[in-house]
Structures are given as C-alpha cells and as structure tokens.
Amino acid sequence: MASRKSNESEREVGSSTGHEPVFVMSMETLGEEKNSNTSSEPTDIRGRKFPLPVDSEHKAKTIKIYSFAAPHMQTFHLSWFSFMICFFSTFAAPPLMPVIRDNLNLTKADVGNSGIASVSGSIISRLLMGTICDLVGPRYGCAILMMLTAPAVFCMPLVSTVTGFILVRFCIGFALATFVSCQFWMSSMFNSKIVGLANGTAAGWGNLGGGITQLVMPLVYGLIRHIGAENYTAWRLAFFVPGVIQTFMGLLVLTVGQDLPDGNYAELKRSGDKVKDSFQRVLWNAVSNYRMYIFALTYGYCFGVELTVDNIIAEYFYDRFDLNLQTAGIIASTFGLMNIVARPLGGVLSDLVARRFGMRGRLWNLWIIQTLGGVLCIVLGISGNLTSAIVVMLIFSFFVQAACGATFGIIPFISRRSLGVISGATGAGGNVGAVVTQALFFMKSTYSTEKGILLMGVMMVCVTMVIFLVYFPQWGGMLCPESKATEEDYYKSEWDELEQTRGLHLASLKFAENAKSERGRRVAPALVSSPEHEIRV
Amino acid sequence: MSAIKIALVLAVALLALVSVAEAGVSFKSLNETLTVQAQIHDRATNMTFFTGLAHVGTDDMVISWALNSSFAGKDARYVNVKIRLCYAPVSQTDRGWRKTKDDLEKDKTCSKGITQQKYVPTGNTTIWRITKDVPGAVYFVRVYAVDALGTELAFGQTTDKAKTINLMEIVPISGRHVSIDIAAAVFSVFSVGSLMGFLGLEAIKQRKANSKAGHFFREAFIDTIRGQSVLREVKII
C-alpha cells in the first residue's frame, strides 16, 4: 500500500521547459525508496560520503560558499562561474565600443542594432535549454553551449563589417542560456528549502559577468596596447581572453562536473516510470494565466533594463564625461558588480515582507522597488555632473537588480503546474524588454543617450504600474483584499475534471498547503514551514 | 544597507578622479584670423594634392598656416597654435560622439590632435605622418590660436564655413592580421573538436557498458528459451 501511494505521488507532473520542479518532486519519492535501508551516513553510488548534510535524495541542506567540495559546492561554483563567463563574453564588446565603432565605422544605429542582437539570441536559446537539460542533463547542456559559442567569440577578432559585427554578437548572445542550466543544476543539487537562496545567489553572481567585463576588457586592451599593438589590433586580441576562458570552463564542466549528487545521468539508472504531463495542457495552463504576461512584461523592465544598461553605460560615461576607456570601464562595471548583493537582497526583502503581509506585501514590495528604479533612471538621465551620475547609477543599479530578485520571489506562486513555462516566459520577457528599450531609445540619433536613459526611466515607471492588475483570489492584489477562495481552489483549478479524477493534482494540493504562508500574519506560524524557499529561481 | 555605504565610499573615492569641468570658449565668438592649407603627400608616388585619399601609416599631411594679412595686429595674445584633425559633416551624421557643439569644451568635432607649435605671424609648416589609430573618415584641418593657458582665441581651417571643400578622406588600417585569423581558427577548432571528442569518448564508454548489459540480457533470454524447450520436452508446458 505504501509503495502504491508513493507510486501515485511519483507520477509527478508539471513537465515543462523549466523542468526543475518535476525533478524535485519525482526524485523525492525515488530517493526514499532507495535509501530505506540506510541508517548510517548517506553515500553516493560509489560509496563516498557527502561533505554537506543531505536529504533523502542526496541534495544538500546547507550551502557553504567557501567550500569547493564535490559534488554540491563544486557544482555551485562551476555553475555560477560558467554563467558569469557567458555574461562576460556577451557584454565584452560594449566597454571597447569607442574603439570598435571607429574601426568598423559604425553609426549609432549600428551600435544599437548590435546591442539588440546580443540579447535577442538568448530569447530562443533560453526557451530551448530547459528541454535540453531535461534530455541530456545540465552538465552537457552547459558545456555544449559554452564550447559551441566559443568559436563565435573567436570570430570577433575577424570582423571587419557592420553585418559581421552584429552577426557575431548575436551568436555570442546564445550563451546566456546557461542561466537555465545553472538554475536547473542548482535545483538538482540543493534541497527545496535552500534552493531559493542557491538559485538567487548563483543568478546574481552570474549577472556579475556584465560588470566584470566592463572592468577587465579595457584593462586587457590597455595592456595589449602597452605591449605595442595598434589600437585596432589590440581590441581584437583582447577577445581571446573571454574565448579561452569559456573553452576552459566548458572542459572543466565536462571533466569535473556531475549532473546529480550521485553521479551523471548516464551512470544512474532511473527506475520507475515518470508519467509526463501533457505539454499542451501545461502550455495552455500557462498561456491562459494573465499573470504570466504581466510579470513577463515587468521583468522586461527590470532585467531588460539591466541588460540595456550593460550595453550602453560604458560608452555613455566615455562620451558624456570625456573619460578614458579604462576609467569609463571601471565606473560602468560598478553597475554590474552591484549584483553581488542586490539581486539576492531583492529576494530576501520579498520573503521578509511576505512574512507579515503575504503575497500582497510581495506585490507592493516589487512595485515600490521597481518604480524607485525607474525614478532613479530618470534622475540618471538628468545628471550632468560626473559624481552625481556615478552615485545615482549605483543606487539605480541596486533597485533594478533587487527588482529582478523580487520578481522571482513571486513567480513560483503563479502556477504550480506550469512553473517551468512561466519562469521561462518571464526570463524571455526580460530579454524582449532589453530589445524593446534599446530599439526605442538608443538607436536613433534624434535622442541623445542621456535623453534615452530618461525616457527609459519614464517607461519603467509606467509599465510597472501594471502590477496593480495582479490579483490572486486567495491572497488579494495590491488594492483589493482576498476573496473567500482558498489556495487549494486556485492550484486545483489548473487541472481539469478528468485529470483530478486521476489524482494528478495531488502534488499541487501539497504545494497549496505550503503556500498558505502567503497569507502573511493571517496564518498561524505553526502551519508555516518557510515554503517560499521551495522553488525559486 | 551596507551596500549603500560601500556605494557612497566608492563614489567619494571616484571624486578624486573627477576634474571640474568649466564651460569652454564659444566657437561662434572666435574669428577666422588664420589661413590654413593642408596637402596630402603620397609617399609612394611622391605626389601632393589638396583633396583625396590618404593612407594611414604611409602618407603624410603637410599643413601650413599663417596669419591672414587682413587681421594684422590682432594677434597680440596669441602664444601657440594647436593643429587638429576634424571630422567633416558626412562623417558626423548618426555619430553623436563626433557632434559639433558651440561650447569648445564639449565640442567633439576636432578630437584628434596633430601637433602644437609656437605662434609666429609669418606662420609655419608641419609634416605629419598619419598615425595608425586614425579612424577611416572624411576630414579637414583646423588650427586654433591659443594663449598661454590654452584657451582658444581664434582659428583657421582648410575648408569653408559649410565644410564642403578641400576635404580629405583617410583610409584606415583594418586591425586584422593573418596571425590573428589563424589563431582564431585554431582555437575554434580546438573548442569544437575537444567537445566532440569528449562526447564521442563518453558515447563509446556508454556503448561498452550497454553491450555488457546487453550481453547479460541475451544470455538470460537464451537460457529462458532453453528452459522452455526442456519443459516442453518433458511435457510440462
């Protein structure tokens, strides 16, 4: 009887492009079956003990940042560093743009187009990466992507036309899909209570690449010039740095990394049948949920703005304040470097507010942070003095990146069944926002760059207002209180009558029980078991 | 909130790098008191011409300037001259970083400096080997007469007010070298090749592992068949 019950809950569903939640739920019961006879320290299939405390499926229950021990912490570091280096490569051209635009005789529209190209490739690749990770594992997904986009980075030294430049930036941009493999890998290695922190930290530190590149590329360029190369040769040689590191990381991931705490996909035998959810139903469930569109749109105006600023900020400081390449790069890098703390803090703030005010608090928190980000963007456009521009930019970067973290504090609660699709759509919405803002404000010569920044801030404030439209029947919205509906009603409604008779909705009910914490103080503390950390990217 | 503290400390530290920008001289206030001529000297053919193509690294620019006789006596404060290479309007379109502005502190038209010479009313000539960092664009030459502090007092340029005549086009280097091309190709092939090699190796290992398992199952299957035929003989089944 017990095994039959576990078989039923084993038919976990929600298979979709994100895929982490499926993996979490089905492997949970699998692990219990496997380890029913272990009473001593848990070991992997080769009999080695785990350095961190693990749960029944050998996922780590804590995270030790300073450790590199296999498999959990090693995976954490491999994963975020790979994502970081892909960000580094994607945004390696912007800090050197003053040299590149003279070498290739680019116009403002050309520079703008290349910026758009750099973020649009990953819209598709991020959507595909989820499926790839599901099929062959995050280790292969990450390594294959990195080693296949490395030749694009090596092609950058060869470009001599506008078209070539735009095409190469487009191809390099595919590498940003390592975000998905990074999150997927974290979800396979870390327990659901801590996966939110692991994912948020890995995502934040990965985004750092956009900042580090603004610092490092001009320095590498300066060094190569110092050795004696001409400036138009020096910037080309500088691109070998991200290319080589990317190839090296790909090899490292292949040789040293492993998909799961116990080993690699190929080594482990997956016993039991995992009944897949119907992709069509999952997709329909996501597409018919209006909240997906709202958050995809608003994410476009926090993460999208972050990507746009990564593309334009070094050139902006170089041109407006007459700084040299290295100084402009240092200042521009501080924007991306704020990611070390800003993005995780956004998620933490969301959780803190939710303890008292529940989901309504989370919505208000996101709206306030993102609107403040928009206001600061407007102020940045007006700042004509270098010091004030730097200070404003720093505070602006904090709010924009915190808004990204806060968004993903809400996403897990929109849908249980289609979490993967909704996460993927939100991420894609981020990139679309980057494309739109660059196309609207940084392409034409009619706007100066500072005016473009100002208008982008205005658009941020306006678009963020759409969060007022979000309403959860069981928790309320920003302005409206909750109705009599319960969490069970909401999550059960994702399944139709037939599916409910087959019991496919049971995992959602479990989630609904945990999601009661989103009521805030209305729920007795005893019932709450910090479920908001359950699945968060 | 320590993030904000760090941010403020960083801002203060960066203050040290900041130089206060003052409003510069207005270009409209300057008189064109100098006459300037620039010629391209093609080393290969040893010909000089006023407008045309110049190649960086090989060709020279011969620039001569003097005080316009109708402005004689107005040059009391001139100490030096700054000779600069300036973008023609055709090279400025859609490129905000080369925009012409009246405030000379903010003006980006003449961002490339050629040289500086002492001012003499009879003028001077300079020969400039066009350096390899000059971008490919259409140019004219402007000479500013400056005082001891470097403030612009007057100017002269090779072209007219509308910047349409006597323009020179400079042909740049591409920055590419055969060695870079080869290195890029080698690294790319290495990246893709090592990936394919690795995947191939793992596939072979898998096949070996599977074939061992396959062999096991084949044996088991054959045993089952044999078992069934024995049982049939003995008429149990």
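- Where an unreviewed UniProt entry is consulted, chain B appears under the name High-affinity nitrate transporter, with the organism given as Riccia sorocarpa.

- Chain A has the name Nitrate/nitrite transporter in an unreviewed UniProt entry, where Riccia sorocarpa is given as its organism.
- What UniProt states about chain A under its Sequence similarities (unreviewed entry) heading is, verbatim, "Belongs to the major facilitator superfamily. Nitrate/nitrite porter (TC 2.A.1.8) family."

## Regarding the state of the cysteines
Now for step 1: Scanning the model with the defined rule gives one disulfide over all chains in all.
Now for step 2: With its sulfur 2.0 Å from that of its partner, B:C86 forms a disulfide with B:C110. Disulfide B:C86-B:C110: the torsion about the S-S bond is 105°, which places it as right-handed. Of this pair, B:C86 sits in strand β6 (residues 80-87) while B:C110 sits in the loop between β6 and β7 (112-118), placing them 24 residues apart in sequence. Grouping residues by exposure puts B:C86 and B:C110 together as buried.
Now for step 3: With no disulfide partner, A:C142 has as its closest neighbouring cysteine sulfur the one in A:C86, 6.6 Å distant.
Now for step 4: The thiol sulfur of A:C377 is not disulfide-bonded, and the nearest other cysteine sulfur, from A:C462, lies at 12 Å.

## Examining the UniProt feature "transmembrane region" (unreviewed entry) in chain B
Now for step 1: Here the UniProt feature "transmembrane region" (unreviewed entry) sits at residues 182-201 of chain B.
Now for step 2: As annotated, residues 182-201 of chain B comprises 100% helix and 0% strand, and the C-alpha atoms at either end are separated by 28 Å.

## Examining the confidence of the model for chain A
Residues and elements named next belong to chain A.
Now for step 1: On average, chain A scores 83 in pLDDT, and the residues at 70 or more come to 87%.
Now for step 2: Looking over chain A, one finds the lowest element-wise mean pLDDT in helix α1 (residues 2-10), namely 34, and the highest in helix α7 (residues 162-173), namely 96.
Now for step 3: When the criterion is pLDDT under 50, residues 269-275 qualifies, and its contacts beyond four places in sequence or with other chains add up to eleven contacts.
Now for step 4: When the criterion is pLDDT under 50, residues 524-537 qualifies, and its contacts beyond four places in sequence or with other chains add up to 41 contacts.

## Side note on the environment of A:L337
Residues and elements named next belong to chain A.
Now for step 1: The residue L337 is located in helix α16 (residues 325-337) in this model.
Now for step 2: Looking at L337, the relative accessible area reads 27%, which means it is partly exposed.
Now for step 3: It is 26 Å that separates the C-alpha atoms of L337 and V463, two residues lying 126 residues apart in sequence.
Now for step 4: Those residues in contact with L337, other than ones at most four positions away along the chain, are L208, G211 and I212.

## Observations regarding the environment of B:S194
Now for step 1: With respect to the helices and strands, B:S194 occurs in helix α2 (residues 178-233).
Now for step 2: Accessibility expressed as a relative area gives 18% for B:S194, which makes it buried.
Now for step 3: Setting aside anything within four residues of it in sequence, one finds B:S194 in contact with A:M147, A:L251 and B:V189.
Now for step 4: Looking at B:S194, its side chain comes within polar contact range of the main-chain oxygen of B:F190, at 2.7 Å.

## Digging into the nonpolar core
Now for step 1: Counting 147 residues, the largest nonpolar core has A:F190, A:F317 and A:F396 as the members making the most contacts within it.
Now for step 2: Here this core takes 16 residues from helix α18 (residues 386-410) of chain A, the largest share from any one element.
Now for step 3: In this view, A:F190 contacts A:K59, A:A60, A:T62, A:I63, A:H72, A:M73, A:F76, A:V195 and A:A198; residues no more than four positions away in its chain are not counted.
Now for step 4: In terms of nonpolar packing, the next biggest core, distinct from the first, is built from 29 residues, B:A38, B:I40, B:V56 and B:W65 among them.

Parameters and conventions
- Residues numbered from 1 in each chain as written.
- Chains lettered and ligands numbered in written order.
- Predicted model: local features only at pLDDT ≥ 70, side-chain atom pairs only at ≥ 80, totals over all residues.
- Heavy atoms only, no water.
- UniProt positions renumbered as here; feature names shortened; annotations may be inferred.
- Disulfide = S-S within 2.5 Å.
- Helix = DSSP H or I, 4+ residues; strand = E, 2+ residues; numbered from the N terminus.
- Buried < 20%, exposed > 50% of the residue type's maximum accessible area, 1.4 Å probe, protein only.
- pLDDT = per-residue confidence, 0-100.
- Contact = heavy atoms within 4.5 Å.
- Polar contact = N/O pair within 3.5 Å; in protein donor to acceptor, adjacent residues only side chain to side chain.
- Core = buried A, V, L, I, M, F, W, Y, C linked by side-chain atoms within 4.5 Å.

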